[in-house]
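Commentary on secondary and tertiary structure
Single-letter residue listing:
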Amino acid sequence: MKVLIVEEELPVISYLRSGLEAYGMQTAVALDATAAQQMLATARYSAVILDVRLPEMDGFELCARIRREYEKLPVLMLTDMAATHHKLRGFEAGADDYLVKPIEVRELAARLRALHRRFGTTPAERVLKVADLELHSHSKVVKRGEKRIDLTVRELALLEYFMSNQGRALTRAEIVGKVWDLAFDTGTNVVDVYVSYLRSKIDKHFSPKLIHTLNGVGYVLEHRAA
């Protein structure tokens, strides 16, 4: 794995680089958002570790830009901002994981490897199907009929959870817990926002519609006969 660390504190950089390299990972460092964007444009990375407190542009905004330009690049936010609303803001910006400093390098390495396994390509392939919707679980190819659909990493995770539980009513609390690894906060609409994103890509221009709202409960993905 080749990991881009976006962080301005030199002691933290030294700690992360030495620790991750001891786990066999290559590392590169960007001290601010401008440098990070330049490096992403000129080299390929397996994942990005992103702090929130950056000069010029904060990590939330940078994360959103990375997600728009590099849909399938895993982003792990690593910051001292520990409040639930900060975590939700990170996930809403497109982060795939959110860890709070201080962190043990072995846990960070494990999280990065999990993201790499989840979103990287592996030889074995499991195909999830609902009607004409297909998700290839390892290559992360999504299709409806013959049309390939591009999803962000978080949209992919949400769709895979839906398709792995097709026909089962899923509450918002359950979805947040499984897809975002957070306790449900009734003040957030992160689930509804991402379901809307997903619908616009896999349902809006297709028939039949597969994602259905269950009033007072949550959502279900299933093929309903006309």
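Residues numbered from 1 in each chain as written. Predicted model: local features only at pLDDT ≥ 70, side-chain atom pairs only at ≥ 80, totals over all residues. Heavy atoms only, no water.

Another point: the overall build of the protein chain. On a plain count of helices and strands, the protein chain comes out with eight helices and twelve strands. Relative to its length of 226 residues, the protein chain is compact, with a C-alpha radius of gyration of 18 Å against a globular reference of 17 Å. Seen through its C-alpha atoms, the protein chain measures out along the principal axes to roughly 60 × 40 × 30 Å. Here the protein chain holds 226 residues, and 48% of them are scored as buried. (Helix = DSSP H or I, 4+ residues; strand = E, 2+ residues; numbered from the N terminus. Rg over C-alpha atoms; globule rule 2.2 N^0.38 Å. Buried < 20%, exposed > 50% of the residue type's maximum accessible area, 1.4 Å probe, protein only.)

Glancing now at the pairing of strand 1 (residues 2-6). In terms of burial, strand 1 is a largely internal element, four of the five residues being buried. In this sheet, strand 2 (residues 26-30) lies alongside strand 1 in parallel orientation, the contact comprising five bridges. Directly across from Lys 2, in strand 2, lies its bridge partner Gln 26. Each parallel crossover has a hand, and for strand 1 linked through helix 1 (residues 10-22) to strand 2 it is right-handed. Sheet analysis places strand 1 next to strand 3 (residues 47-50), joined by four bridges and oriented parallel. Its bridge partner being in strand 3, Ile 5 is matched across the sheet by Ile 49. (Pairing = 2+ DSSP bridges. Right-handed = clockwise from strand over helix to strand, strands pointing away.)

Attention shifts here to the sheet that holds strand 10 (residues 170-171). In spatial order, the strands read 10-12-11; together these three strands make up an open sheet with antiparallel pairing. Of all strands in the sheet, those with a lone pairing partner are strand 10 and strand 11 (211-214), marking the two edges. Pairing analysis gives two bridges linking strand 10 to strand 12 (residues 218-221), with the strands arranged antiparallel. Within the sheet, the bridge partner assigned to Thr 171 lies in strand 12 and is Gly 218. Where helix 6 (residues 153-164) meets the sheet, it contacts strand 10 and strand 12, and its direction lies at approximately 70° from that of strand 12. (Contact = heavy atoms within 4.5 Å. Axes fitted to C-alpha atoms, helices over the stretch in contact; angles between N-to-C directions.)

Moving on to the side chain of Glu 7. Along the chain, Glu 7 falls in the loop between strand 1 and helix 1. A relative accessible area of 2% means that Glu 7 is categorised as buried. Engagement of the side chain of Glu 7 in a polar contact is seen with the backbone nitrogen of Glu 9, the distance being 3.0 Å. (Polar contact = N/O pair within 3.5 Å; in protein donor to acceptor, adjacent residues only side chain to side chain.)

On to the sheet that holds strand 4 (residues 75-79), then. Here five strands make up an open sheet; going across it, the order is 2-1-3-4-5 and the pairing parallel. The open sheet is flanked by strand 2 and strand 5 (97-100), the only strands paired with a single partner. Looking at each pair of strands side by side, their axes are set apart by 20° on average, direction ignored. Contacting strand 1, strand 2, strand 3 and strand 4, helix 1 runs over the sheet at an angle of about 165° to strand 2.

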